[in-house]
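Coordinate analysis (summary)
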Amino acid sequence: MADFVASAAANAVGNLATEYTSPYLSYFFHYGEIVEDFKNQRQKLQLKEDRVKNEVNVAARQAEIIEMDVDHWLKTVEKELRDSQILEDEIDRIQCSKWCPNWGWRYSLCKKLAKKTLIISKLIETCNFSSVGRRAPLQGIEFITSKNFMDSESSKSALKEIMEAVNAEDVNMIGLYGMPGVGKTTLAEKVGKQALEQNLFKVVMFTMTQNPNICKIQDKLADMIGLKFKTTSEEGKAEELLKSMKEGWDLFKANAGLKDGYSSSSLNDVAKEVADECKGLPLAIVTVAKALRGESLDGWRAANQRLKDSRHLDNEQVFGEVYKLLKFSYDYLNKNNSQTTENDIQSCFLLCSLFPEDYEIPIEMLIMCGIGMGLFSNAYSIEDKRREIVVALTKLQSSGLLLETDDGGRAVRMHDVVRDFAHWLTSMGENRFMVKDRLKEWLNVVDNFGSYTAIALWNCGCLNQFPKKVEFSKLKTLFLDGKGFPSVSSTNLAEMKALQVLFLKHVYFSLEGLQSLTNLRTLCFENCKLKNISSSLRNMRNLEVFSLFHTDINEILEELVELSMLKSLYIAYDRKQHIITFAPNLLSRLTALQELHVRCENNINLAELNSLSRLTTLSLKISTDQCFQRNIGFPRLQRYIIVVNGHLDEWQRLTFRTLDINGLTFSLNPFTDLFFNVEKLRLKKVSGKKNIIPSLVKNGANELTSLQLNSCHDMEFVIDMTRQQGPIIAFSNLMELDIQYMNCLKQLCHGPPRKVETQRPMFSNLTFLNLKSLPQLENIWKLEPSCHAIASLRNLKVVTVENCHKLKVIFSPCLAQSMVHLQQLYISNCNGLEQVIGFAQEEEITENHYPLCWPKLKTVKIEHCCSLKHVFSVTLSQGLPWLESVRLKNCPQLIQVLRSTEERDIIGNHILLNVPFMRKLSVENCPKFTCFIVQSQLMEKLYLKNVGNSCQLCSTDVNQDCMVVGNREEVFRVQGVLYPFSNMKKLHLIHQSQVRIIWKELAGVVTLDNLITLRLYDCKKLRYIFSPSTARSLSQLANLYIMGCEELEGIILGKDQISSSSNGDTDLQPITFPNLTQIIVTDCNNLKSLFPLGSATSLQGLTHLRVERNSKLEQVFEVEDEVQVTTKEIKFDKLEWLKLEGLPSLVYFCPKGYHFVFPSLRDLKIKEYPRLISGFFIDSKQIVHSKTEATEGPASKSTPRYVRNKYIRWKEGWFQTLPRYIEE
């Protein structure tokens, strides 16, 4: 009653206020309406976000590029939902008094809510995207080096020559030629990879088939680079690649598993003879070596004799050697196998050859076809046959006859030479195959049709003229792929009485004629248009596999029951809102069914699955509505992929038992039987469960290998030991744990574990751990040292922790001590994080057991952790021997990498970190960070930005072979390390307020042979960068950026400042920069010149020169008295962009008596140069020149007086021009 009165009074006053006075008064009186409107709009936005994300996921699966406005909208929505969640929490947390509302608070909150509601409303209005993605432009190929390719001297030599030709100006095309299998494609891929890495050009790569689609190739090139290939080619030297016996032997040894210990054995001698028979061909070497791997000496001798006795095959000069060796590997498949298995493995190999060249063949397709061909007849069940076929394909891959693909194991591929060999094998004898691509007319092949056992026609445009009255008495396998949906008459197939496998694609087909195909065992349609389905199924009594891929069919009819031998049914369709309808009680009557795959929207009654007693394999897409059905249950399955409210890929392999549940807000009881043996479990937006164990899984989930939890907001723990009765064995096989966006999760494991005798430690197989956006997570698991035998992270390799703001400690010392395989550690946006490992207990552990050691850790990346002071404790100072990369960013309290507790390995107050393989160090925006003391000579990249003052180390004696790196007068302090910077490639020093010199000049010690990029920003006290001797080592320097170094006197130290300890012999050598391409020098107000003139002749690669706001700069190139420049004309052949601005003291760009020429200059900008007397001119060929007049008198005929303007702007092709240059 009180609540009603208060609300009525507030509304009455609010209505009057809204009508007669300022609308801001409604903030006082319309609190309920404003809150309700805010919550409604926020809920609508969440629904819109889910819908857009679903569309984005669909587009991503189709390899589309997501539109920028869609991506921006999603990011904005994510931010606004996160911000608005805070307001919603405030509404729930603070309750107003019913009789005496807190008007000040209401006004403030209502104002925020009204503003946020307006923003949310606008986001809702702007989410009606016509499409979320677009077709991606064709990209350059991503090169993946073959596992079987080994660098050798000849391959390195050939690669070097090719790269030299690529960089040569007069070479437009490079050709590689040679017999099949010598490694042309692999070498071309390596060239393309290097070209991409060096940003030389875009790369497009094609595999040329026997019938190339020229139009398609031209279109792809046009999309990629807008250019046409020329038709002429220069000869390469690929024929000499890997011909050396030594190099072929190295490759052979690696693939045959031969070790150096065999070098004096008889086996070694025989193996070398076998390698000789391979004639240096990489494909043959790999194939034969893999076939003989692990063989006995007698086996090697027998194989050697067989190879020597082999006759050369057809076309001896080109294919004979390769085919002979492939035939050997093919015949060797029967080693240690029964006669049946041998023929079946060989049949699997030949089956793969029926598919198009370079085709990625889905393994599921091979299984369906293999079952129809009767492979592995000794295996009774479909599950057994599936297993045997997969094993056969694995054996073919290990023997080198099949190749892996990069699609997660869903497909295999056959090398074009191996495919040609298979076609050669099936071109004779009784088991003959015909494989054609883009067949336009039947020619004379009709007469020979009767002798073929398998025919595959791909992209065939003449299927509607399929030969009639032709005998196909031996044909068992037929693949037909039409072009433009040709109509294939079923009467043409009626005489194929022996046909066992029929695969039709892109055709219009009537099934009437199939009634006579009583031996048909596998029938597969892909993207077909069908008619007369129901009347045709009745007589196919032996059909075992029936599949429909993306084929228009709305209803699975009752006639399917007539297929009494049907063991596998496969249906996949990717069209949205297209539901495949099953007749009521149909599935329950398919009693022979062993595999069911329905990977599209459907109306299946899940209760019918209980009637399928023989069902062992299931892949099924389920909707929320289907989960409401009664008597739902799943039979005991050996393999399954079940997806609730998600996408199921048509060719996703059934490698793991997978359960993926999205958006269920009610009981998960229908899936109880699946939780018993699930291997991959993914739950997203599933509510009502406080934990996985014991609430969801009772048996400990010990078959689970992957667990992904996302947005399950009721869950507090993954394991709650306090609710478990008795000891538990849990997650002993879990390899991947990924938890994201769980608002209530407090711990992964809660409560003390109870030890079980003979128990494998919990989480002992965990390899990947990802924790993201868990706002309530306080710790992973509090474990006492006594529990080290119960829980272990001994296999953990990669850890990622992000946006866990309450997390103070990630690992207890007990867990950290077990992490001996950790390789990568990533921590980001954990504001409350104080310690990676809980230091409080660490000393106790190290005293009782052994020091912490992470011997395989290579990468550490920690960003945006406001409370972190130290990364590790001192006990790890000697425990990171393989650490390669450290990145620390935006950690304002971070003092050091290691926390000191005792005086051990300490220099001054800082701990020596023994990391001999450190290559990359980046410390950014860590203002309290002092220094980094390391033992490492391999440092390649160093990035220091806004780190703390470490001047106290200046007096520290460094008595060990180490480097001290920090924001101090001398960035690097070196003691006892020979050539400490010889591997440095990139050096960035930014906002280093204390730096005066980077490194002291030590003759013969500081060399920078590999330095490519040097960036110096805002190092205000820096006086110089290089000594002359150090500058002479900069042969690879490509990019030099110097900005805001106000006290910089010179890039290279003047000779009058060089210490007597320097090496005088090097002073006579010129300073050159042969690879320098970009120079930017700005805001260095104490700098008077950039480089000595002698180095100008070496700047042949310079493309960009930008010099701005250097108030004391008088000359760019300084003329030194003792330096003799042999030519007065200096060309900057590649300089394209030159900018000089804000240089009030600049007098000379080009010194007196010299002449600069810029043949490639495209853009010239000179501004604010009141004292400049160097002139810029242009000749008749539009080439820019620069000269300085020798006298102040009248201009000579050869050089016109340069008129000094306030602003010079010239660009190639613009109407502006420069004074005419008159040649002498």
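Please refer to the structure placed before this passage.
Attention here is on the structure that accompanies the text. Being a predicted model, the structure only gives us computed values, none of them experimental.

1. Remarks on the sheet that holds strand β3 (residues 361-362)
Spatial ordering of the open sheet is given by β3-β5-β4, a layout of three strands whose pairing is antiparallel. Each edge of the open sheet is held by one strand with a lone partner, namely β3 and β4 (403-404). Taken together, the two bridges between β3 and strand β5 (residues 411-413) define a ladder with antiparallel strand orientation. In the strand pairing of β5, Pro362 is matched with Ala411.

2. Re the sheet that holds strand β9 (residues 487-488)
The strands making up a sheet associate through backbone hydrogen bonding, with each pair oriented either parallel or antiparallel. Taken together, the three strands give an open sheet; going across it, the order is β9-β11-β13, and neighbouring strands pair in parallel fashion. Every interior strand has two partners, whereas the edge strands, β9 and β13 (529-531), have only one. The sheet contact formed by β9 and strand β11 (residues 508-510) spans two bridges and is parallel. Each residue of the ladder has a partner; that of Ser487, found in β11, is Tyr508.

3. Comments concerning the pattern of salt bridges
Tallied over the full model, the rule gives 35 salt bridges. One salt bridge connects Glu679 with Arg657, and the closest N-O pair in it is separated by 3.5 Å. In this pair, Glu679 sits in the loop between α19 (672-675) and β22 (680-684) while Arg657 sits in the loop between β20 (639-644) and β21 (658-662), placing the two residues 22 residues apart along the sequence. Given the relative accessible area of 16%, Glu679 is considered buried. The exposure class assigned to Arg657 is buried, which follows from its relative accessible area of 14%. Two residues, Arg887 and Glu863, come together in a salt bridge whose shortest N-O distance is 2.8 Å. Within this pair, whereas Arg887 is found in strand β34 (residues 885-889), its partner Glu863 is found in strand β32 (residues 859-863), the two being separated by 24 residues in sequence. Assessed through its relative accessible area of 27%, Arg887 is described here as partly exposed. The class of Glu863 is buried, set by a relative accessible area of 13%.

4. Section: helix α10 (residues 266-277)
An α-helix turns once every 3.6 residues. As a result, residues three or four positions apart point the same way. Here α10 spans 17 Å end to end across 12 residues, near enough to the 16 Å set by a 1.5 Å rise per residue. Every buried residue of α10 is accounted for by Leu267, Asn268, Val270, Ala271, Val274, Ala275 and Glu277. Axial view of α10: buried residues confined to an arc of 165°, hence all on one face.

Reading the values: rules and limits
- Residues numbered from 1 in each chain as written.
- Predicted model: local features only at pLDDT ≥ 70, side-chain atom pairs only at ≥ 80, totals over all residues.
- Heavy atoms only, no water.
- Pairing = 2+ DSSP bridges.
- Helix = DSSP H or I, 4+ residues; strand = E, 2+ residues; numbered from the N terminus.
- Salt bridge = Lys/Arg side-chain N within 4 Å of Asp/Glu carboxyl O.
- Buried < 20%, exposed > 50% of the residue type's maximum accessible area, 1.4 Å probe, protein only.
- Expected span 1.5 Å × (residues − 1).
- Arc of directions from axis to C-beta.

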